[in-house]
Amino acid sequence: MPTDHELAVEFAPVMNLHPGERYFPMDAEAFVTGCRLCLVQDRPRSGFERIAVLNLTERSWDLDPDESSHFGVPVSLLADWSQLHGPDDASWSRRPQDSSLAEDGQLFALEHHADKPSVPFDPSSPPTCYYHVQPWRDSTLISYWFFYGYSRFLAGFAHQGDWEHATLRVRDGELISGFYAVHEAKYYVEAEDLEFRDGRLQVYSAKNRHATWWKEGDHSPGIALFKDKEAIENLRSADRALIQDETARGGHVWDVRLDLKPLGEQPWRLYAGAWGKLGSGASGTGPLGPWYKRHLDPQDKVILE
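What counts and how
Residues numbered from 1 in each chain as written. Predicted model: local features only at pLDDT ≥ 70, side-chain atom pairs only at ≥ 80, totals over all residues. Heavy atoms only, no water. Helix = DSSP H or I, 4+ residues; strand = E, 2+ residues; numbered from the N terminus. Rg over C-alpha atoms; globule rule 2.2 N^0.38 Å. Contact = heavy atoms within 4.5 Å. Areas by Shrake-Rupley, 256 points an atom, 1.4 Å probe, with all protein chains shown as cover. Pairing = 2+ DSSP bridges. Axes fitted to C-alpha atoms, helices over the stretch in contact; angles between N-to-C directions. Salt bridge = Lys/Arg side-chain N within 4 Å of Asp/Glu carboxyl O. Buried < 20%, exposed > 50% of the residue type's maximum accessible area, 1.4 Å probe, protein only. Arc of directions from axis to C-beta.

Caption draft 1: Broad picture of the overall build of the protein. A count of helices and strands for the protein gives four helices and 18 strands. Here the C-alpha radius of gyration of the protein, 19 Å, is about what a compact globule of 305 residues would show, namely 19 Å. In terms of principal-axis extent, the alpha carbons of the protein reach across some 55 × 50 × 40 Å. Once local pairs closer than 6 in sequence are excluded, the contacts in the protein between residues at least 24 apart make up 68%. A total accessible area of about 14,000 Å² is found for the protein, and carbon and sulfur atoms account for 46% of it.

Laid out in structure tokens, this is it:
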């Protein structure tokens, strides 16, 4: 029987970044070390707001921090400080703007010093792709998680931090289908509809938005995919062409085999706050990390392609 790592390497896809991409993928660790840790509170009248920033020297909360202070969170802090963690079953989170939050009211956000975090992309030395292998029905799922420092859907619908994935279903050594993360939905695609080049599965990252698609072109994910009611209402008046995802060849090609690491061994995996600063709504706030979204329920609603 192959090991989890051998399976992940065998089926690892090739990611095609759009030639007009502006916000490239990066290592999760590099993002963390460019951040400061913010304490967030949900106030009855004003909603979520940042109330303090962690002083990394004193390990105490600074209620009146200078806007340029306390950046450089060590990755070990996210592993060692139990206050930052949620339960493995993800029954609640510490990310502000979520529907099921920690009862103790301790909510957190990693706020990067750059408004739009990104790094240059080097195809010969790309960022880490994080994989997770799990049994599923009569098969095995292999999830490939990609991290981007910034995602811009439209003006007003942008956020620091962006976790995306493609999850492949394998049985008896063969790829039979895949689940693709398209914003807040999952698309289920049969193997015959997937694209291969030189024996490698091809996947596509939507320009600046990073939804993971299995084909080139302009795609209409639909506004109903958004959980944020305010976001849906605002999108209804948008030009339909503006809310399409664009995928294309001709940009950087990311061979994820060059740096592939197990999600379950990452020191930051249990951090249950927002990967990105607090925004005015769910669509403008950094996401919850992949450890709390790693299980794929056979009863989950998916879009069949």
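Caption draft 2: Molecular detail of the sheet that holds strand β5 (residues 107-112). Taken in spatial order, the four strands line up as β4-β3-β2-β5 in an open sheet, and their pairing is antiparallel. Since the sheet does not close on itself, it has two edges, and those belong to β4 (60-62) and β5, each with one partner. Strand after strand, the sheet turns through a mean of 45° between neighbouring axes, direction not considered. In the sheet, strand β3 (residues 47-55) pairs with β4 via three bridges, with the strands oriented antiparallel. The residue of β4 that forms the bridge with L54 is W61.

Caption draft 3: Just the pattern of salt bridges, in detail. Overall, the coordinates contain 15 salt bridges when judged by the stated rule. Residues E49 and R43 are paired through a salt bridge, measuring 3.0 Å at the closest nitrogen-oxygen approach. Among the residues examined, R43 registers a relative accessible area of 32% and is labelled partly exposed. K277 serves as the salt-bridge partner of D115, at 3.7 Å between the closest nitrogen and oxygen. In this pair, D115 is assigned in the loop between β5 and β6 (129-136) and K277 in the loop between β17 (260-262) and β18 (303-304), connecting sequence segments 162 residues apart. A relative accessible area of 29% places K277 in the partly exposed class. Through salt bridges that share partners, R36, R50, E67 and E111 make up one connected network.

Caption draft 4: Summary view of the side chain of N208. Relative to the elements of secondary structure, N208 occurs in the loop between β12 (200-205) and β13 (212-213). Each residue touching N208, except ones within four places of it in the same chain, is listed here: G20, E21, R22, Y23, S151 and R152.

Caption draft 5: Focus on the pairing of β12. Most of β12 is tucked away, with six of its six residues classed as buried. Going residue by residue along β12, you find R200, Q202 and Y204 tucked away on one face and L201, V203 and S205 tucked away on the opposite face as well. One ladder, built from four bridges, connects strand β1 (residues 14-17) with β12; its direction is parallel. Opposite V14, over in β12, you have Q202 as the bridge partner. Here strand β11 (residues 195-197) runs beside β12; their pairing, made up of three bridges, is antiparallel. Looking at β12, one finds that E195 is bridged to Q202. Two successive antiparallel strands, β11 and β12, enclose a turn made up of two residues, where D198 displays a positive phi of approximately 50°. Sheet topology note: the β12/β13 ladder contains two bridges and is antiparallel. What sits directly across from S205, in β13, is T212. The turn joining β12 and β13, which pair antiparallel and follow one another in sequence, is formed by six residues; a positive phi near 65° is taken by N208.

Caption draft 6: A look at unusual backbone geometry. A positive phi angle, near 50°, is found at R137, a position not held by glycine. When you line up the elements, R137 lands in the loop between β6 and β7 (139-154). Within the chain, D172 stands out as a residue other than glycine whose phi angle is a positive 50°. Inspection of the secondary structure puts D172 in the loop between β8 (157-171) and β9 (174-182).

Caption draft 7: Representation of helix α1 (residues 4-11). Three or more residues of α1 are buried, namely L7, A8 and F11. Buried positions in α1, seen along its axis, are confined to an arc of 100° and lie on one side of it.

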